[in-house]
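# Tertiary structure, described
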Amino acid sequence: MNKPEVVMMGLGYIGLPTAALIAQNKTYVHGVDINQKVVDTINDGNIHVVEPELDTAVASAVKEGYLTASTNPVEANTYLIVVPTPFKAKNEPDISFVEAATKAVLPLLKEDDLYIIESTSPVGTTEKMMQLIYSERPELESKLNIAYCPERVLPGNVMYELVHNDRVIGGINEQSTDKAEAFYNKFISGNLHKTNARTAEMCKLVENSSRDVQIAFANELSLICDKADINVWELIELANKHPRVNILQPGCGVGGHCIAVDPYFIVSDYPMESKIIGTAREINNYKSFWCAEKVQIAKLEFELRHGRKPSIALMGLAFKPNIDDLRESPAKYIAQKVLQNANNEEYYVVEPNIKEHKVFKLTSYKEALEKADIIVFLVAHDEFKNLPLNLNNKIVLDFCGVV
Ligand code: SAJ
């Protein structure tokens with residue numbers, strides 16, 4: 001094997017596509033993951049995550065020898081840290097994976113190397129890692145290039161956005177920023193915007209918090225309109241005719257592992273100042289609970305009116321439309337909550353983007369729509385739009401605006 005130029009620590013939803021992109025540009029990349037199964041899958045030229053066009057990129061990178069994987073890092077010139085930063089109890093960020101990955105590459109670092117964190121991280125993490133590195137390797141003090149450069153790709157469109165999106169790069173000093181910029185310039189056609197590490201860290205958190213706050217506004221409107229007997233979808237469409245208004249769509253909550261998580265990184269460090277950001281999180285979480293309650297009420301009303309138990313279709317489990325990703329999905333949470341309250345009703349759980357699920361018995365959407373008395377739209381998948389079915393004699397709870 002050729003000596004790798006780049007070591008990619010973490011081969012998940014972002015690390016693997018980034019490694020494949022770098023390898024596509026004929027730069028040798030050594031990918032590292034703690035999961036041996038992931039490593040074996042990649043070395044076989046296969047992938048373990050669902051993302052369009054990633055399979056062919058990885059297959060050819062492995063075949064041509066530009067991408068290899070193992071559970072341990074090797075010596076290179078650039079080290080990228082792309083591992084998860086989940087949160088612990090009390091919604092505090094957990095940077096232990098970043099720390100572990102940094103400790104793993106520490107003994108390999110040499111003068112002039114470039115160390116970049118891409119993982120979403122609380123403000124100050126890059127400086128903390130710099131201190132960790134220099135405390136263990138004092139002879140390298142001020143001789144490394146250390147930077148933070150967050151990704152901002154949209155799951156489902158990662159291979160395109162990785163290349164074309166603008167990026168923010170913040171080094172711990174100017175030289176580090178410049179070195180990191182030169183590195184990304186080789187693979188990225190979007191503009192690279194230079195700043196310092198703390199601003200780059202905050203920028204990532206702010207981007208996702210901004211979207212969370214905007215979605216919370218739409219979700220709050222949906223609660224108000226439900227009480228006021230106003231169609232929220234029509235209302236938003238009309239309000240958006242204003243040249244400077246652009247309200248997002250209400251849904252059954254906010255899911256995924258970014259927007260529903262990252263705002264807590266700000267709230268946990270700046271609790272007194274982050275009032276809107278914290279409240280938005282509460283509103284978006286409450287919206288999922290509210291949807292589950294609405295199903296419960298519809299169920300009881302049906303039984304009172306018809307003197308029998310209804311059958312209920314739960315339409316969609318993914319965390320957003322047209323993907324198969326169920327992680328942190330509000331629709332899944334609602335389905336679970338509704339099923340916990342089941343009392344001999346018939347349920348049809350529908351998710352057209354997956355074939356089977358270990359907990360839910362899945363039904364096709366056509367069968368579910370035909371058989372159910374109450375139809376609950378949880379995710380606005382394309383399959384659910386413009387349905388030719390007659391929904392006149394059904395009770396429809398449309399939480400995502402498909403009808
Ligand atoms: N949602 C709504 N209403 C809307 C838009 C979205 O309820 O009008 C919901 C979705 O259904 C979903 C959640 O919000 O449950 C998040 O979906 P999303 O499409 O807004 O975002 P993600 O989580 O797939 O990706 C986000 C993106 N960030 C921004 O748009 C600011 C992406 O660019 C980031 O790279 C990604 O987070 C990340 O990795 O941080």
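Throughout, residues of each chain are indexed from 1 in the direction in which the sequence is written. Selection of residues for local features in this predicted model requires a pLDDT of at least 70, selection of side-chain atom pairs for listing and counting requires 80 or more, and totals for whole chains, interfaces and linings are taken over all residues. Side-chain measures were taken over the full set of non-hydrogen atoms in the model, leaving aside hydrogen atoms and water.

## Quick look at a nonpolar patch on the surface
Quick reminder of the rule: Exposure above 30% relative accessible area and no salt bridge define the residues that can form patches, which grow by joining like charges within 9 Å and nonpolar side chains of Val, Leu, Ile, Met, Phe, Trp and Tyr within 5 Å. Here the accessible surface of atoms and residues is derived via Shrake-Rupley with a 1.4 Å probe, and residues count as covered only by protein chains that are part of the display. Here a salt bridge means any side-chain nitrogen of Lys or Arg lying within 4 Å of a carboxyl oxygen belonging to Asp or Glu. A helix here means a DSSP run of H or I that spans at least four residues, while a strand means a run of E at least two residues long, and both kinds are numbered starting from the N terminus. Residue exposure (1.4 Å probe, protein chains only): buried if accessible area is under 20% of the type maximum, exposed if over 50%, otherwise partly exposed.
Taken together, Tyr286, Phe289 and Tyr333 make up a surface patch of nonpolar side chains, about 270 Å² in accessible area. Tracing the backbone through its elements, the reader meets tyrosine 286 in helix H11 (residues 275-306). Under the relative-accessibility criterion, tyrosine 286 is labelled partly exposed at 40%.

## Things to note about the environment of asparagine 77
Definition in use: The criterion used for residue contact is that any of the two residues' heavy atoms lie within 4.5 Å. Residues adjacent in sequence count toward polar contacts only when both atoms are side-chain atoms; beyond that, a polar contact is any pair of N or O atoms within 3.5 Å, and within protein one must be able to donate a hydrogen and the other to accept it.
By the element assignment, asparagine 77 lies in the loop between strand S3 (67-70) and strand S4 (78-81). By relative accessible area, which is 26% here, asparagine 77 ends up partly exposed. With sequence-adjacent residues up to four places away left out, asparagine 77 is seen in contact with Lys3, Pro4, Glu5, Lys110, Asp113 and Leu114. A distance of 2.9 Å separates a polar atom in the side chain of asparagine 77 from a polar atom in the side chain of lysine 110.

## Some points on the domain arrangement of the protein
Heads up, the condition is: Domain start and stop points were drawn from an automatic or database domain assignment. Three classes are used, and their members are as follows: Ala, Val, Leu, Ile, Met, Phe, Trp, Tyr, Cys and Pro are nonpolar, Asp, Glu, Lys and Arg are charged, and the others, Gly among them, are polar.
Assigned domains of the protein: these are domain 1 (6-205) and domain 2 (251-398). Contacts between the two partners involve 18 residues from domain 1, matched on the other side by 13 residues from domain 2. Joining domain 1 to domain 2, the criterion identifies zero salt bridges. Across the side of domain 1 that touches domain 2, the residue classes tally to eleven nonpolar, four polar and three charged.

## Looking at the pattern of salt bridges
Scanning the entire structure with this criterion turns up 18 salt bridges. A salt bridge links lysine 385 to aspartate 382, with the nearest nitrogen and oxygen atoms 3.9 Å apart. Overall, the relative accessible area of 36% leaves lysine 385 in the partly exposed class. Of the residues examined, aspartate 382 reaches a relative accessible area of 47% and is grouped as partly exposed. Put simply, Asp178, Glu181 and Lys194 are held in one network by salt bridges that share partners.

## Observations regarding the site of the ligand
This is how it is decided: Note on definitions. A residue lies near a molecule or strand when any single heavy atom of the residue is within 4 Å of it.
Among the 19 residues in the neighbourhood of the ligand, the closest are listed as Val153, Lys204, Asn208, Arg211 and Phe319. In the environment of the ligand, an oxygen atom lies 2.9 Å from a nitrogen or oxygen atom belonging to the backbone of arginine 152. Within the backbone of glutamine 249, one N or O atom sits 2.7 Å away from a nitrogen atom of the ligand. About the coverage of the ligand: the protein hides 85% of its 770 Å² of free accessible area. Shared between two domains, the shell around the ligand holds at least three residues of each, these being domain 1 (6-205) and domain 2 (251-398).

## Comments concerning the side chain of asparagine 208
Here asparagine 208 is to be found in helix H8 (residues 197-228). Separated by 2.7 Å, the side chains of asparagine 208 and aspartate 262 make a polar contact. When neighbours within four sequence positions are excluded, asparagine 208 is seen to be in contact with Cys258, Ile259 and Asp262.

## Topic: the packing of helix H4 (residues 96-105) against helix H5 (residues 125-136)
Defined as follows: Lines are fitted to the C-alpha atoms to define the axes, a helix being fitted only along its stretch in contact, and any angle between axes, read from their N-to-C directions, falls within 0 to 180 degrees. Handedness of each helix crossing follows the sense of rotation of the near helix against the far helix: counterclockwise by less than a right angle gives left-handed, clockwise gives right-handed.
Their axes nearest at 11 Å, the elements H4 and H5 cross at an angle of 35°. Remark: the crossing between H4 and H5 carries right-handed chirality. Contacts between H4 and H5 involve Val98, Glu99, Thr102 and Lys103 on the former and, on the latter, Thr125, Met129, Leu132 and Ile133. Its residues placed into classes, the contact of H4 with H5 shows four nonpolar, two polar and two charged.

## Regarding H5
The condition is simple: Take the number of residues in a helix, subtract one, and multiply by 1.5 Å to get its expected span.
In this model, H5 (twelve residues) spans 17 Å end to end at C-alpha, consistent with the 16 Å of a helix rising 1.5 Å per residue. Restricting attention to buried positions, one finds in H5 the residues Thr125, Thr126, Met129, Met130, Leu132, Ile133 and Tyr134. Considering only its buried residues, H5 is in contact with H4, strand S5 (114-117), strand S6 (145-148) and H8.

## Focus on the sheet that holds strand S9 (residues 311-315)
Here is the rule: When DSSP locates at least two bridges between a pair of strands, those strands are taken to pair.
Strand order in this open sheet of four strands is S10-S9-S11-S12, and the pairing throughout is parallel. If you trace the sheet from one side to the other, it starts and ends with strand S10 (346-350) and strand S12 (395-398), each paired once. Taking the axes of each pair of neighbouring strands and ignoring which way they run, one obtains an average angle of 15° across the sheet. Taken together, the four bridges between strand S11 (residues 374-377) and S12 define a ladder with parallel strand orientation. Considered in S12, the bridge of valine 376 is made with leucine 397.

## Notes on the nonpolar core
Generally speaking, soluble globular proteins have nonpolar side chains that are buried together. The condition is simple: We call a set of buried residues a nonpolar core when its members are Ala, Val, Leu, Ile, Met, Phe, Trp, Tyr or Cys and they connect through side-chain atoms within 4.5 Å of each other.
With 41 residues, the main nonpolar core has Ile42, Leu67, Leu80, Phe183 and Tyr184 as its most contacted residues. The element contributing the most residues to this core is helix H1 (residues 15-24), with six residues. Excluding its chain neighbours within four sequence positions, the residues that come into contact with phenylalanine 183 are Val6, Ile22, Thr78, Leu80, Leu114 and Ile116. One finds Phe302, Ile323, Leu326 and Val376 within the second-largest nonpolar core, a separate group that totals 29 residues.

## Things to note about the pairing of S10
Rules: When the strands point away from the viewer and the path from the first strand over the helix to the second turns clockwise, the crossover is right-handed.
Counting buried positions along S10 yields four of five residues, so the element is predominantly enclosed. When S9 meets S10, the two strands line up parallel, connected through five bridges. Looking across to S10, one finds that isoleucine 312 is bridged to tyrosine 347. As a crossover connection, the stretch from S9 through helix H12 (residues 330-340) into S10 is right-handed.

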